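Residue-level structural notes
Given next are the chains, with one letter for each unit.
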Amino acid sequence: MCSPIDVSALSLGPLLHEGKAKKVYATGDPQLYAVEFKDTITASNGQFQTQLPGKGALNCQISAQLFTLLEQSGLSTHFRGLLGKGNRWMVVKPLRMIPLEVVLRNRAAGSLLRQLPMAAGQQLKPPLLDLYLKDDTMGDPFLSQARLAILNIITADEHIQLAAMAREANSTLHQALNRVDMDLVDLKLEFGWDSSGKLHLADELSPDNCRLWDQGQNSDSPERILDKDRFRQGLGGLVHAYKEVNQRIQGLGFQPQHYGSMVTL
Ligand code: ADP
Ligand code: UDP
């Protein structure tokens, strides 16, 4: 669970990493990073990209609520609070990231349909857990258990721990989102180690990284798509859909912690 945080001002340090969707900064507190969510949206490993004003703030707010939900259910996450400046900043615990994309699939969609003869939307019980190497230059290749063992990224025991946490997060989120009429089709998770060797769920939990279908819409209607597939499929209305997701998640009643203001060093 989150330990209580100091809500006084946090000073912003140097930019440590700029990725496709977020910027990660050091802060005056070595135990904390500040993360800024960008309005940039990309597809096909960055080949296509555009700016969608408001997207970053929505992903930040959605992620903050979902991390809070998971923390309250007993799962360790990197989330430490929202930052006062705008709506697009959060404070996280610095982690040594594991270069894996952990994908949980509750229904068949996306790359699974291109790789296996399955019907779109087919239920997967238990959910399918797929691992990919997080490496844009190689196109995030799929990892079998044997390939993972060759890479020496995590031990067999760590793999078991990570898979259990990923399944727990997926199951908790799936049930919660169901309560607000959204079907969590699949999601990508990232994990990292803190300085004491504890595993935490990290990165973001937003419609950029999962598929969410509106249960109130027909299964063949594009209007049921509330996630980044709106951009991938050129459907438009992405920010409108993310606003809807945020509003419904607010209905779950999880209130993220807040930091005060932020000062530039
Ligand atoms: P990418 O680097 O894949 O383009 P982003 O734009 O989302 O992705 O950049 C955020 C980066 O920060 C990612 O590389 C992610 O693995 C990393 N990250 C997420 N959470 C943490 C954390 N708590 N500590 C350190 N790095 C993190
Ligand atoms: N995903 C992600 N980052 C990636 C690849 C996938 O966040 O680099 C998410 C994606 O949004 C979806 C899930 O992981 O929710 C499964 O993605 P899939 O393997 O189907 O790939 P896609 O067809 O989305 O490229």
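Predicted model, so just to flag it, every value in this text is computed and none were measured.

1. Here we look at the packing of aromatic side chains
Across all of its chains, the model carries three aromatic pairs by this definition. A ring pair is formed by Y25 and W89, whose centres lie 5.3 Å apart and whose planes are at 40 degrees; its orientation type is tilted. Of the two residues, Y25 sits in strand β2 (residues 22-27) while W89 sits in strand β7 (residues 89-92), which places them 64 residues apart along the sequence. W89 shares its class with Y25; the two are buried. An angle of 10 degrees between the planes, with centres 6.2 Å apart, marks the rings of F67 and F79 as stacked. Here F79 lies in strand β6 (residues 79-82) and F67 lies in helix α1 (residues 55-72), a separation of twelve residues in the sequence. Directly above the ring of F37 sits K22, whose terminal nitrogen or CZ lies 5.7 Å from the centroid.

2. A short note on the nonpolar core
Counting 51 residues, the largest nonpolar core has M90, V102, L173, L189, F191, L201 and L205 as its most contacted members. Counting residues per element, this core draws most heavily on helix α4 (residues 156-179), which supplies eight residues. With near-sequence residues (within four places) excluded, L201 lies in contact with F67, L70, L75, S76, T77, H78, M165, A169, L189, E190 and F191. Membership of the second largest hydrophobic core comes to nine residues, among which are L12, Y25, L83 and V91.

3. Considering the site of ligand 1
In the neighbourhood of ligand 1, 17 residues make up the surrounding shell, with K20, A21, K22, K134 and E190 lying closest. The cavity where ligand 1 resides is the largest pocket. Its residues assigned to classes, the shell around ligand 1 comprises eight nonpolar, three polar and six charged.

4. Some points on empty space enclosed by the protein
Empty space left among the atoms is revealed by rolling a probe the size of a water molecule over them. Applying the stated criterion across every chain yields a total of one cavity of 30 Å³ or more. Within this model, the largest cavity holds a volume of roughly 100 Å³. Of all the elements in the fold, those that place two or more residues in the lining of the largest cavity are α1, α4, β12 (182-193), β14 (210-214) and α6 (238-250). Ranked by residues supplied to the lining of the largest cavity, first place goes to β12 with three residues.

5. Observations concerning the pairing of strand β5 (residues 48-51)
Taken together, the four bridges between strand β4 (residues 40-43) and β5 define a ladder with antiparallel strand orientation. Residue pairing in the sheet places T42 in a bridge with Q49 of β5. Between β4 and β5, which pair antiparallel and follow one another directly, the connecting turn spans four residues, one of which, S44, has a positive phi of 50 degrees.

What counts, and at which threshold
Residues numbered from 1 in each chain as written. Chains lettered and ligands numbered in written order. Predicted model: local features only at pLDDT ≥ 70, side-chain atom pairs only at ≥ 80, totals over all residues. Heavy atoms only, no water. Phe/Tyr/Trp six-rings, centres within 6.5 Å; stacked < 30°, edge-to-face > 60°. Helix = DSSP H or I, 4+ residues; strand = E, 2+ residues; numbered from the N terminus. Buried < 20%, exposed > 50% of the residue type's maximum accessible area, 1.4 Å probe, protein only. Lys NZ or Arg CZ within 6 Å of the ring centre and 35° of its normal. Core = buried A, V, L, I, M, F, W, Y, C linked by side-chain atoms within 4.5 Å. Contact = heavy atoms within 4.5 Å. Near = heavy atom within 4 Å. 1 Å grid on protein atoms, 1.4 Å probe; cavity = no way out; pocket = protein on both sides within 12 Å on 5 of 7 lines; lining within 4 Å. Sits in = over half its atoms within 2 Å of the grid points. Nonpolar A, V, L, I, M, F, W, Y, C, P; charged D, E, K, R; others polar. Points joined across faces, edges and corners; volume = space filled by probe spheres on them. Pairing = 2+ DSSP bridges.

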